[in-house]
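# Structural overview
Spelled out, the chains give:
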Amino acid sequence: MQSKFGLDKCVRAPLGKKGFVISVDVLISLMMVSFIIVASLFYLSQVTLTSWNSVDLLNVTQDEAMILDKSAVFETSLSQNSAEPILASINASPENYCFEVSVFSQSDFTLPLLHTIKTGCVKRSSDLSSVEQTFVVHSGGSVLFYVARIEGWIKS
Amino acid sequence: MNQKKASTALRAKALLSLLASTCFSAKGFISSKRGFLFTISVIFFASTLVVYSQAYMTQNALREKLVLTVPRQTLPAYLTDDLAFDLQRLLDFNLSVSETASPYKMNIVLGDSVAKNFDIRKGLTDYNNFAKSYLLNRVAGIQSFDMNNLLDGKTELFFGNLFRYDYDYDNNAAYFLALKDNNLNRVDLNITVKNSNGSDDLNSMIWSSPGSGSTQLRVHYVDDTNTFDLAVGINPLQTSTMTLHYMDANLQVVFGLAGGRTNSVLIDSNINRQANYLLGLTYDANAVSLPVFFNATLRHTDGKLDSNTWLKLMN
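Rules of the game
- Residues numbered from 1 in each chain as written.
- Chains lettered and ligands numbered in written order.
- Predicted model: local features only at pLDDT ≥ 70, side-chain atom pairs only at ≥ 80, totals over all residues.
- Helix = DSSP H or I, 4+ residues; strand = E, 2+ residues; numbered from the N terminus.
- Buried ≥ 20, exposed ≤ 12 C-beta atoms within 10 Å, placed from the backbone.
- Contact = placed C-beta atoms within 7 Å.
- Core = buried A, V, L, I, M, F, W, Y, C linked by C-beta atoms within 7 Å.
- Pairing = 2+ DSSP bridges.
- Axes fitted to C-alpha atoms, helices over the stretch in contact; angles between N-to-C directions.
- pLDDT = per-residue confidence, 0-100.

### A short note on the overall build of chain A
- Helix and strand content of chain A: four helices and four strands.
- Mapped in sequence order, the helices and strands of chain A form the string α-α-α-α-β-β-β-β.
- Each of the 156 residues in chain A was classed as buried or not, and the buried ones make up 26%.
- Within chain A, contacts between residues at least 6 apart in sequence are counted, and of these 59% link residues at least 24 apart.

Listed below in structure tokens is the structure:
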């Protein structure tokens, strides 16, 4: 129904145009925002922290090797001919790290004298960090040398 | 009159229509302009998200390259620490260094023995071969391990540039030397000589000193049958000597001017048994901490990394 001065038509017409303009604007905006979000997510997905984890793992493995050496755990294990002291020490390490320790004499690097793996850990074939720590033992007036290989990985 | 009224009404109606039309057109124009500006602003700010995420990715890639070189840089420190600790174990001594402030004092406690019950030269030579053959050729990079200065009959342990501990394993003598003449405040020495088989214990002790001084000396001696204590003040710039006589040999300890340096200690033994000692020294020092390292070096080369360091025992 038309008003006395014809304002309804005047109002409806700009409102109709305005609604049409907004619809296109929204469409374009949604496309652009979608593109921006997708592009951002793509770039962010390229960011990895693997190298940081590998460095952390190497440092933790080296620290564990030093602790075992400097607290004479290797020496104690050899004197007892048992890997129990080593196991007790690596079991006390942080929960999310796993370690496997093998002790070799200087004359045989194929068959370890002692071997143990942290309780509750299953060895993974990838993302391993491996260090070797030498240690010295005095025995009956002679000096013996050994190598301990410590492999570490993050518990899955 | 009516025509005029009608004409006026039509004109007014047209004018109102025109005004209304103009009004709303202008509003629409303003509204669409605002929307355009808003859209541009949103696009501009949202684009920064893309730019920043891209920059973050690029920066992370660069850092990752940097991070991957870190293990190479930590390897020499890890190796030298391992080798130094092995040498300490091989030479079979204990060491503790602590500092106190106001005034600065350096406390050094050294537990060692003269006439050890194993062949030091053979042990060092075997270790040198072991390190080169089994350890250093199994790690990344090229290693050059030089411990020739320890194989010449005397091992040296440096305490920064202030002190040096020389262990002459060919002559069973140990020197603790103050290289910068830091004032020696106090000496505590515990000596234990065991396994005498009952016939070669201490016969006598002779103390020789030019006079008393400001340095406090405390000695506690124990063997299988004897024990004695000595507490005197000595002059650290002059030679004071304690000689322990056994059946056919003696053990001599020199305090103050010893080994050519003042404020030093020398323990020289020619007895045929191991004499264990715990030597505590307190010096005036203006250093908060001292690096302690062996007179042996490890050179590690890996790509652009070229590291040549002493075997550091402690910081």
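### Here we look at the nonpolar core
- The biggest cluster of nonpolar side chains holds 87 residues, and the ones touching the most others in it are A:Phe74, A:Ala148, B:Phe176, B:Val265, B:Phe294 and B:Leu311.
- Ranked by the residues each element gives to this core, the list is headed by helix H1 (residues 2-91) of chain B, at eight residues.
- When sequence neighbours within four positions are dropped, the list of residues in contact with B:Phe294 reads B:Ala84, B:Leu87, B:Leu150, B:Leu157, B:Trp310, B:Leu311 and B:Leu313.

### Some words on the sheet that holds strand S7 (residues 184-193) of chain B
Residue and element names in this part refer to chain B.
- The sheet built from six strands is open, its strands ordered S1-S2-S14-S7-S9-S10 with mixed pairing. The sheet is open, and its two borders are formed by strand S1 (94-100) and strand S10 (227-234), each paired with just one other strand. For this sheet the average axis-to-axis angle between neighbouring strands, irrespective of direction, equals 10°.
- Sheet topology places S1 next to strand S2 (residues 105-114); seven bridges connect them, and they run antiparallel.

### Re the environment of B:Leu124
All names here are of chain B.
- Tracing the backbone through its elements, the reader meets Leu124 in helix H2 (residues 120-135).
- Here Leu124 falls in the buried class, since 20 other C-beta atoms lie within 10 Å of it.
- Along the backbone, Leu124 and Tyr134 are 10 residues apart, and their C-alpha atoms lie at a distance of 15 Å.
- Non-local contacts of Leu124, meaning those with residues more than four positions away in its chain, are made with Leu90, Met147, Leu150 and Leu151.

### Some points on the environment of B:Arg261
All names here are of chain B.
- Take Arg261: it is sitting in strand S13 (residues 261-269).
- For Arg261, a count of 19 C-beta atoms within 10 Å corresponds to the partly exposed category.
- Considering only alpha carbons, one finds Arg261 and Gln238, 23 residues apart in sequence, at a separation of 9.7 Å.
- Look past the residues within four positions of Arg261 in its chain and what remains in contact with it is Leu177, Ala178 and Leu179.

### Quick look at the confidence of the model for chain B
All names here are of chain B.
- Per-residue confidence for chain B averages 85 on the pLDDT scale, and 88% of its residues sit at or above 70.
- Counted against residues more than four places away or in other chains, residues 14-26, with its pLDDT under 50, gives 11 contacts.
- Here the predicted complex carries an ipTM of 0.76, next to a pTM of 0.78.

### Points about the pairing of strand S6 (residues 173-178) of chain B
Residue and element names in this part refer to chain B.
- Most of S6 sits out of view: five of its six residues are buried.
- Joining the antiparallel neighbours strand S5 (residues 163-168) and S6 is a turn of four residues, in which Asn172 adopts a positive phi near 50°.
- Relative to S13, S6 runs antiparallel, the two sharing four bridges. Within the sheet, the bridge partner assigned to Tyr175 lies in S13 and is Leu266.

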